[in-house]
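Notes for the structure review
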Number of protein chains: 2
Amino acid sequence: MELQNTLVKKPQPVPEPTVRRMPSYLTILHRLHDEHVLFVSAPQLARQLNVDPTQVVKDISYTGITGRTRVGYGVDELIGGLEEFLGFNRKHEAFLVGAGFLGSALMQYQGFREAGMKIVAAFDTDKKKIGTEVAGIPVFDLEKFRDLAGRLHITIGIITTPASVAQQIADLMVGWGIKAIWNFTPIALKVPSNVIIQDTHIYANLAVMLNKLAAIKEEI
Amino acid sequence: MELQNTLVKKPQPVPEPTVRRMPSYLTILHRLHDEHVLFVSAPQLARQLNVDPTQVVKDISYTGITGRTRVGYGVDELIGGLEEFLGFNRKHEAFLVGAGFLGSALMQYQGFREAGMKIVAAFDTDKKKIGTEVAGIPVFDLEKFRDLAGRLHITIGIITTPASVAQQIADLMVGWGIKAIWNFTPIALKVPSNVIIQDTHIYANLAVMLNKLAAIKEEI
DNA sequence: TCTTAATAAAGAAAAAAATCTTTAATTAAT
DNA sequence: ATTAATTAAAGATTTTTTTCTTTATTAAGA
């Protein structure tokens, strides 16, 4: 009974807020690395990120990296630990469907490469877009998705289509072997439980900001 | 003593997760409105959004809109209540600093107008960008920010600059009367407490997705 | 060498959020 | 009219996340 416990992989009890903070740690660590700083303490990181120092310690502990009392964490070691944990040091190739404004913006946005993700092709049903390139990324007919995804072993799909066709595209992606879908439409996609959905609701942050702004204006 | 309680405005105890979900409700409600549906129940909304029905009821209760047993909420009334609560029915004009890929993408992205926000001008220090237009929005020299913001009474600033100058831009914005900053850089900006900071960390969602994806692959 | 101060780490407590339970209302069907 | 089913709403419970507390370590300074 107890043996089992040691054999079975721990079921990933890492809090999502922790995972969300980790890229921020990486940002700071990369800057420190560039400044040839060798060690950094949790309170130092905490000050720069406006979070609680013990929070930082806890978050870092999930990577398995340990620090030294009165010294802190080795900057390079911590970078390695975080990138390993987040999978940023692996290569993730993704297909994007919907080469409109938002889709094009994501293609032009170079930054994802730092996280190991590369959009290798885009797909659309608009004849005017098919055959063009955005930031060096070719835009194909959606028809070609299945064949290319299979041959290139693509597991990540990005949906930046109009909301009205999002579920349809998601269904197709699932059938074509996609394991994780990054959804930028405001639709709650229904997919089998073994497929990961990551929603990015552009309005959510805007809503929070406008709400806070309204609260301040009411006080006056 | 108790009088005070009735006079003093309630201190906005609306949970942020609630505010973040509200735009999703609006998305569905707008579709229902277009389909000429007059009423919708909390369980119906909950099913479409994959959230708990009681969660929906609680979230909606913050808008002050009440539903009718066995009928649900009036679609139009609820749209009005949510938009009023979120401030989406007001006009919010914003200035954007940093007309690079990300900044241009935000300018081209029409969707924010549905939330009442309009980017009326962009600013950059790059001579090649100054004088151009992106999606009909003019790009000015950063020098002109102060004057224009004052004259147009702009209260929202969007920062899409390189991380290295983000704090600098934020300091300028604060000095120029900006009350809310939507920050797309990975920097934790330091501003006076009366200025609202809304961070959108592009990597955070990606990190969560890659992390889940890695967890699934480990299981195999 | 000894003392002091800073810090990682583990655990406890508190706060926040989500979920579950109960109640009461009321519509629709019989 | 009566009954049954649905649902909003309020409150309780549970879970999750953050913050606080304590302990032990150890580098730097006296």
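Residues numbered from 1 in each chain as written. Chains lettered and ligands numbered in written order. Predicted model: local features only at pLDDT ≥ 70, side-chain atom pairs only at ≥ 80, totals over all residues. Heavy atoms only, no water.

**Overview of the protein's contact with DNA strand D**
- Taken together, 23 residues form the shell around DNA strand D, and within it A:Lys58, A:Thr69, B:Ala42, B:Arg70 and B:Tyr73 come nearest.
- Counting only atoms of DNA strand D within 4 Å of the protein, the fraction found in sugar and phosphate groups is 63%.
- In this structure, A:Thr54 approaches DNA strand D through a side-chain N or O atom, which is 3.4 Å from a base nitrogen.
- With three residues, helix α4 (residues 53–61) of chain A is the largest single contributor of residues to the surface near DNA strand D.
- Its residues assigned to classes, the surface near DNA strand D comprises seven nonpolar, eight polar and eight charged. (Near = heavy atom within 4 Å. Polar contact = N/O pair within 3.5 Å; in protein donor to acceptor, adjacent residues only side chain to side chain. Helix = DSSP H or I, 4+ residues; strand = E, 2+ residues; numbered from the N terminus. Nonpolar A, V, L, I, M, F, W, Y, C, P; charged D, E, K, R; others polar.)

**Quick look at the protein's contact with DNA strand C**
- As a structural note, the neighbourhood of DNA strand C is formed by 23 residues, with A:Ala42, A:Arg70, B:Lys58, B:Thr69 and B:Arg70 the closest of them.
- Within 4 Å of the protein, the atoms of DNA strand C are drawn from sugar and phosphate moieties in a proportion of 63%.
- A:Arg70 is positioned with one of its side-chain polar atoms (N or O) 2.8 Å from a base nitrogen of DNA strand C.
- Between DNA strand C and B:Thr54 there is a distance of 3.3 Å, counted from a base nitrogen to a side-chain nitrogen or oxygen.
- Of all the secondary-structure elements, those providing two or more residues to the surface near DNA strand C are α3 (42–49) and α4 of chain A together with α2 (16–34) and α4 (53–61) of chain B.
- Ranked by the residues each element gives to the surface near DNA strand C, the list is headed by α4(B), at three residues.
- Classifying every residue of the surface near DNA strand C gives seven nonpolar, eight polar and eight charged.

**Some points on the relation of the copies chain A and chain B**
- You can overlay chain A on chain B at an RMSD of 0.0 Å; the transform is a turn of 180 degrees with a shift of 0.0 Å along its axis. The transformation just described matches what one would write down for a two-fold rotation axis. Proximity to the rotation axis, assessed at the C-alpha, singles out A:Ala105 in chain A; its C-alpha lies 2.5 Å from the axis.
- Both copies share a contact surface, since 100% of the interface residues of chain A are interface residues in chain B too. (Least-squares fit on C-alpha atoms with pLDDT ≥ 70 in both. Contact = heavy atoms within 4.5 Å.)

**A look at the confidence of the model for chain A**
- The predicted model of chain A has a mean per-residue pLDDT of 91, with 94% of residues at 70 or higher.
- Helix α1 (residues 2–7) of chain A is the least confidently modelled element of chain A, averaging 36 in pLDDT, while strand β6 (residues 137–141) of chain A averages 98, the highest of any element. (pLDDT = per-residue confidence, 0-100.)

**Here we look at the nonpolar core**
- One finds A:Leu29 and B:Leu29 to be the most contacted residues of the largest nonpolar core, which totals 103 residues.
- With eight residues, helix α9 (residues 202–219) of chain A is the single largest residue contributor to this core.
- Look past the residues within four positions of A:Leu29 in its chain and what remains in contact with it is A:Val40, A:Leu45, A:Val75, A:Leu78, A:Ile79 and A:Leu82. (Core = buried A, V, L, I, M, F, W, Y, C linked by side-chain atoms within 4.5 Å. Buried < 20%, exposed > 50% of the residue type's maximum accessible area, 1.4 Å probe, protein only.)

**Some thoughts on the packing of α2(B) against α4(B)**
Residue and element names in this part refer to chain B.
- Orientation of α2 relative to α4, taken along the N-to-C sense of each, is 100 degrees, at an axis distance of 10 Å. On the basis of the axis angle, α2 is roughly perpendicular to α4. Residues Thr18, Arg21, Met22 and Tyr25 of α2 pack against Gln55, Val56 and Asp59 of α4.
- Split into classes, the residues belonging to the contact of α2 with α4 amount to three nonpolar, two polar and two charged. (Axes fitted to C-alpha atoms, helices over the stretch in contact; angles between N-to-C directions. Parallel < 35°, antiparallel > 145°, perpendicular 65-115°, else oblique.)

**Some details on the sheet that holds strand β9 (residues 196–199) of chain B**
All names here are of chain B.
- Reading across from one edge, β5-β6-β4-β3-β7-β8-β9 is the order of the seven strands in this open sheet, with mixed pairing throughout. Of all the strands in the sheet, the pair left with one neighbour each is β5 (133–134) and β9.
- Both strand β8 (residues 180–183) and β9 contribute to a ladder of four bridges, which runs parallel. Within β9, the residue paired with Trp182 across the bridge is Gln198. (Pairing = 2+ DSSP bridges.)

**Description of the interface of chain A and chain B**
- Between chain A and chain B, the contact holds 64 residues from the first and 64 residues from the second.
- Three residues stand out in chain A for area buried against chain B, namely A:Phe101, A:Tyr203 and A:Met209, and they jointly supply 12% of the buried area on that side.
- Our enumeration of links across chain A and chain B arrives at zero salt bridges.
- If you list the elements that add at least two residues to the side of chain A that touches chain B, you get α2 (16–34), α3, α5 (75–86), α6 (101–108), β8 (180–183), β9 (196–199) and α9 of chain A. (Buried area = accessible area lost by both parts, 1.4 Å probe. Salt bridge = Lys/Arg side-chain N within 4 Å of Asp/Glu carboxyl O.)

**Brief notes about unusual backbone geometry**
Residue and element names in this part refer to chain A.
- Phi is positive for His36, which is not a glycine, with a value near 60 degrees.
- Looking at where His36 falls in the secondary structure, it is placed in the loop between α2 and β1 (39–40).
- Assessed through its relative accessible area of 70%, His36 is described here as exposed.
- Backbone geometry at His153 places phi at a positive 55 degrees, although glycine is not the residue there.
- Counting through the fold element by element, His153 comes out in the loop between α7 (145–152) and β7 (156–159).
- Judged by its relative accessible area of 67%, His153 falls in the exposed class.

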